Protein chains: 2
Amino acid sequence: MAPFITLVCLLLLAAVLPSSAKNVKKGKIDIREECPCKLAPRPDKAEKALTARWMVHSLDWGILATISTRLGGDTSPVPFGNVYSFVDGTCEKSTGTPYFYGTYMDQSYADSLIHETVSFSLSEASLSSVCTEREAFTSCALGTKYGDPENPVCARLTLTGKFVVLTEGTEEYNLAKEAIFERHPSMEGWPENHEWVIAKIDIEDVWLIDFFGGASILTPEEYFAAMGDER
Amino acid sequence: MAPFITLVCLLLLAAVLPSSAKNVKKGKIDIREECPCKLAPRPDKAEKALTARWMVHSLDWGILATISTRLGGDTSPVPFGNVYSFVDGTCEKSTGTPYFYGTYMDQSYADSLIHETVSFSLSEASLSSVCTEREAFTSCALGTKYGDPENPVCARLTLTGKFVVLTEGTEEYNLAKEAIFERHPSMEGWPENHEWVIAKIDIEDVWLIDFFGGASILTPEEYFAAMGDER
C-alpha cells in the first residue's frame, strides 16, 4: 500500500508544483516564463535618480506622448499617447536612454517629425505585466490599504526630450538593436517592409513620483550621474 | 508507514497548492487576491467599438497626456504623460466615459486648466498588472512569437477629448465616486485636504489598434452605441 500512496503523492505534487521548465503552454502559445533580464533590487525611495534609472532599466513598456498631427492645430495643440515597448540597454548595461523600435507608419513617429519634443511615461505597475513570472509590488496592487497605480508609492516616471533617430550602422544603433531584440524577441520577426527605425529620447527633463510629498524633478545630469554615466 | 506517508503527502500538498483564501500575506501587506469586477470575455477583434468599450471597462489605469504648462510654450507645445487610475462605471454598469479622481496639486489637472483637450491611453498589457490573480494574455507577454505590448495584437487604445470636472452632488458625480471607490478602494482613505476632484473625458476621438493593418478610428457615436448607450 505504501508504495502506491507514495506514487500517488508524487504524481499529485508533480501536477501542482510550478513547472521549472523554461517554456510552458498557456492558451494556444508557448510562453517563456522568464524575463530576459534579472530584476535588480529596487533602490531606496530617498535615491530619486537611482529609482528613475532602475525603472528605465527594469520596465518593458510605457506611453510615448507626442503633439498630435492628426487632431488639433497650431493654436490648439492636442496630446497623443501611444503604447511603446523600449529598452535602455542590454540586460547587463543600463544607459538610462530609452530606445524605441518603430516605423513612420505609426502615428507617434509621424507626429515627431513636426513636434520633436515628446514625453515617455512609465508606471511601476507594469513591472509584472508582461513577464509572467514577476509579481507586482504591493504598492501598485489594488485591494491593499495603500496600493494603487495612482498612489504615490507606486512609482511613476516621465522623461521628456527630443525624439532622435539613430543612424543605421553606428555603434549606438547596433547596441540599441541588440538590446531591443534581447528584451523584445518578437520584434526580430516583424515585417521588414515596415522600414523599422530605431530612435531615442535625448532626455531634457525627469519627473518622478515614488513617494508622498509631490514630484521630484531631476536634471539629466543628476539622472545620468546616478549610475556613473555622463550625459 | 502508510498513514505517515499520507500525512506527509497532505502537508506537502497544502504547502504548494495555491491558497483559496480571499486575503493572502505577500511582503508586508495583506493583498486581496480578487479584482472587484469579474472580467468580461474579450470581444472578437472584428468588433472594434466593443473591444474599445471592453478595454475601458476592464482596465484599471492608463496614461493621461496633457499639454505641459511646466515645459515648452505656446509656440513649442510639449506633451506630458502621467499615470492615472480610472473607472468607466461600477462593475455592473459600463458607461464608456473614463472618470478620474485627482487634485490640482497634480501636474495633469493643473495642465488641463490651460489646455482642456487631453488624451488617455490604455494597454491590454496592464490587464494583469494590479489584480494579482489575473493572467496576462499571451498577446502581450514577452517571450512568445507574437507577444509584445507594441505588437498590434496586444490591444492599445487612446481616447481624446476635453477634460471636464464634475459638479459635486450631481447624479453623475455620485455614480462616478461610488464606482471609483469600488475599484480603487485605497482612494477612499486619501487625505481630504488634497481637495479631490472627479473629472471625466468628454470623448471626441477613439484610436484603437487591436490587430494588424493599422489603427481604427471611431467616432464617439460608434463607440458609445456599441453597448447601446447614447453619447
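Position labels on residues start from 1 in each chain and follow its written sequence. Think of it this way: whatever chain is written first is A, whatever ligand is written first is 1, and the rest follow in order. Only residues with pLDDT of 70 or above have their local features reported here, since the model is predicted, and side-chain atom pairs are shown and tallied only from 80 upward, although totals for entire chains, interfaces and linings are computed over all residues. Side-chain measures here rest on the full set of heavy atoms in the structure, leaving out hydrogens and waters.

### So, the packing of aromatic side chains
Here's step 1: Two aromatic rings from Phe, Tyr or Trp, using only the six-membered ring of Trp, form a pair when their centres are within 6.5 Å; if the ring planes differ by under 30 degrees the pair is stacked, by over 60 it is edge-to-face, and anything between is tilted. One pass over the structure, following the stated rule, counts 29 aromatic pairs over all chains.
Here's step 2: Between B:Trp190 and B:Trp196, the aromatic rings sit 5.2 Å apart at their centres with planes inclined by 50°, giving tilted as the arrangement.
Here's step 3: What makes B:Trp190 buried here is its relative accessible area of 11%.
Here's step 4: Remark: exposure states derive from per-residue accessible area (1.4 Å probe, protein chains only) relative to the maximum for the residue type, with buried under 20%, exposed over 50%, and partly exposed in between. Its relative accessible area of 17% is what places B:Trp196 among the buried residues.
Here's step 5: Judged by centre distance (5.2 Å) and plane angle (70°), the ring pair of B:Phe211 and B:Phe212 falls under edge-to-face.
Here's step 6: Given a relative accessible area of 32%, B:Phe211 falls into the partly exposed group.
Here's step 7: By the ring-pair criterion, three or more aromatic residues cluster together here, those being A:Tyr84, A:Phe86, A:Phe100, A:Tyr104, A:Tyr109, A:Phe120 and A:Phe163.

### Notes on the pattern of salt bridges
Residue and element names in this part refer to chain A.
Here's step 1: What counts as a salt bridge is simple: a side-chain nitrogen of Lys or Arg found within 4 Å of a carboxyl oxygen of Asp or Glu. Summed over the entire model, instances satisfying the criterion amount to 20 salt bridges over all chains.
Here's step 2: Across the salt bridge formed by Asp-60 and Arg-183, the nearest N and O atoms sit 3.9 Å from each other. With Asp-60 in the loop between helix 2 (48-58) and strand 3 (61-67) and Arg-183 in helix 4 (residues 171-183), the pair connects residues that are 123 residues apart, well separated along the chain. This pair shows no difference in class: Asp-60 is buried, exactly as Arg-183 is.
Here's step 3: Linked by salt bridges that have partners in common, Arg-53, Lys-93 and Asp-229 make up one network. For helices the rule is a DSSP run of H or I covering at least 4 residues; for strands it is a run of E covering at least 2, with both sets numbered from the N terminus onward.

### Some remarks on helix 4 (residues 171-183) of chain B
All names here are of chain B.
Here's step 1: For helix 4, spanning 13 residues, the distance from its first C-alpha to its last is 19 Å, which sits close to the expected 18 Å at 1.5 Å a residue.
Here's step 2: Three or more residues of helix 4 are buried, namely Tyr-173, Ala-176, Ala-179, Ile-180, Phe-181 and Arg-183.
Here's step 3: Considering only its buried residues, helix 4 is in contact with helix 2 (48-58), strand 5 (99-102) and strand 8 (197-209). Multiplying 1.5 Å by the helix residue count minus one yields the expected span of that helix. Note on contacts: a residue pair qualifies if any of its non-hydrogen atoms lie within 4.5 Å across the two residues.

### Looking at the relation of the copies chain A and chain B
Here's step 1: When chain A is fitted to chain B, the residual RMSD is 0.0 Å, and the transformation amounts to a turn of 180° plus an axial shift of 0.0 Å. On the angle and the small slide along the axis, the relation comes out as a two-fold axis. Distance from the rotation axis, computed per C-alpha, reaches its smallest value in chain A at A:Ser129: 2.4 Å.
Here's step 2: Here 100% of the contact residues of chain A are again contact residues in chain B; the copies associate through an equivalent surface. The least-squares superposition of copies is restricted to C-alpha atoms, and to residues with a pLDDT of at least 70 in both copies.

### Section: the interface of chain A and chain B
Here's step 1: Each partner contributes residues to the interface: chain A has 77 residues there, and chain B has 77 residues.
Here's step 2: We define buried area as the total accessible area lost by two parts upon association, computed with a 1.4 Å probe and summed across both. Together chain A and chain B conceal approximately 6,200 Å² of surface at their shared face, both sides included; 66% is due to carbon and sulfur atoms.
Here's step 3: For the chain A face of the interface with chain B, the top three residues by lost area are A:Pro79, A:Leu142 and A:Glu150, together amounting to 11%.
Here's step 4: Here B:Asp205 ties to A:Arg70 by a salt bridge, and the two come within 2.4 Å at their closest N and O atoms.
Here's step 5: Listed by contribution, the elements that provide at least two residues to the side of chain A that touches chain B are helix 1 (2-16), strand 2 (29-32), strand 3, strand 4 (79-85), strand 5 (99-102), strand 6 (117-123), strand 7 (156-165) and strand 8 (197-209) of chain A.
Here's step 6: Only Asp, Glu, Lys and Arg are considered charged, only Ala, Val, Leu, Ile, Met, Phe, Trp, Tyr, Cys and Pro nonpolar, and every remaining residue, Gly among them, polar. Counted by class, the side of chain A that touches chain B contains 38 nonpolar, 25 polar and 14 charged residues.

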